[in-house]
Amino acid sequence: MTRSFQYLRPDFPREACEMKAKHGGKAVFWAGGTDLMLQWRRGAVDIDYCIDLSGLDELRQIRSGEDATVIGALATIASLQAHESLGSDFPVLLDMAERFATPQIRNVATVGGNLCHGVPSADCAPPLISLDAEVRILSPEGERTLSLESFFVGPKQTALADDEMLAEISVRRLPPRSVCTFERMARSYVDIALASAACRLTIDEESRISEARIVMGAVAPVPLRSTGAEELLVGIPLVDITEGLLAEVGARAASDTRPISDVRTTAAYRKHLSGVLVKRAVAEAVRRLGE
Amino acid sequence: MTIEVNLRVNGVDHAVEIQPHESLGRVLNGRLGLNGVRISCKEGECGACTVLVDGEAVTSCIMLAVQAGDRDIQTIEGLGTPDDLHPIQQAFVDEHGFQCGFCTPGFVMSSKALLEATPHPDASEIAEGLSGHICRCGTYPNIIRAVQRAAEELGQEATNE
């Protein structure tokens, strides 16, 4: 192979943004590289400058605070599993991490890399969106915050400008009586999701659903929230959630999807599957809330 | 552009000039002659190239070599010798945890990481821990028995120490 690229290694996040600003569209941030290496070898991305983020230790941390947990963009998937309190505060993230690719990939792949790759099947996206996660974005001039839901713009497209970097993902502590679940279907352990679904339900003191989030992966150009399906659940007492209502919620969510056919499966199957996974995710959340 | 990195492999430092895009697996195998690092799928799917970096299993075929600079890299070559196999290697032999042997170094390295984190795994924990490996000869049941046997051996060693 004769192609290669220039290598840059910033010591600080701001320096990384400045390098990106200087070199433009053919410079990439390289985190774990588990997606990027394959894309580059296939010729799917042009890279003149590789900005290796390995030196930015501060973005590798996971900090649990009183009100929120902040996950550095460079935290590996394995570090989610290893963290002392993340799994008890947000069990769904542990659940997701355990089903993310392989142990070797989880040791290297980062949460930020999974999100910035911008693919609709990214496993980190549905659970984090259902938790109302926000992202902190740095640029040479400053920073901004936006919801993770609005971070995704199209297939492999995010809200990041050329000189911007995803620094952190923050998740507020959930209200009491909340449960979040994640369902994922793939051909094998290693394969990316054919479809996935996350559900977060919060109930009030009378055990009525006060908040619902339903987010699907791999069934639209971006990870997709179904507010229509959420509305079917809000205000309903837990005891009144019937098999019929679950089916209706699944069908409503599936009707919002705009899947594609590709090498892995057909659009029709993805649409069907999204309904099944949403139904399962909601049923599991209801079951746990009832415990 | 070439860059110089220090690769500390099995306790020995190697100063190597590499190109930025080169994978760790390619440098270990091609440059340092460690042919126990089996480059196969080149996509991080099959696990044959698995080595340990700071004790964690990684697929070296898709990791930039430069990112492993100044870190502790362990390959199968650093584990045992033909006359003095590591207990995990011996257990793979005793349980016939391979047929052609191509995938074996990767399985052994992941088994090492697994047993360090979980000294007494049950069969499903072993299957999960080795889920990033493919054995095309299909010796999975033997591999699981080999890891269980290695766990017993290593537990025994630890007790005797």
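What counts and what doesn't
Residues numbered from 1 in each chain as written. Chains lettered and ligands numbered in written order. Predicted model: local features only at pLDDT ≥ 70, side-chain atom pairs only at ≥ 80, totals over all residues. Heavy atoms only, no water. Helix = DSSP H or I, 4+ residues; strand = E, 2+ residues; numbered from the N terminus. Buried < 20%, exposed > 50% of the residue type's maximum accessible area, 1.4 Å probe, protein only. Contact = heavy atoms within 4.5 Å. Pairing = 2+ DSSP bridges.

(A) Local environment of unusual backbone geometry. Backbone geometry places aspartate 132 of chain A, a non-glycine residue, at a positive phi of 60°. Turning to its location among the elements, aspartate 132 of chain A is positioned in the loop between helix H8 (125-130) and strand S6 (134-138). Given a relative accessible area of 35%, aspartate 132 of chain A falls into the partly exposed group. Not every positive phi belongs to a glycine, and lysine 42 of chain B is a case in point at roughly 60°.

(B) Seen up close, helix H1 (residues 24-31) of chain B. Residue and element names in this part refer to chain B. The set of residues buried in H1 consists of Leu24, Gly25, Val27 and Leu28. The elements touched by buried residues of H1 are strand S1 (3-9), strand S2 (12-18), strand S3 (50-53) and strand S5 (72-74). Just past H1, the residue glycine 33 takes up positive phi, approximately 70°.

(C) Quick look at the pairing of strand S5 (residues 68-72) of chain A. Residues and elements named next belong to chain A. The buried fraction of S5 is high, at four of five residues. As paired strands, strand S4 (residues 62-64) and S5 are joined by three bridges and run antiparallel to one another. By the bridge assignment for S5, serine 64 is matched with threonine 69. With five bridges connecting them, S5 and strand S10 (residues 165-172) associate as antiparallel partners. Paired with threonine 69 across the strands is valine 171, a residue of S10.

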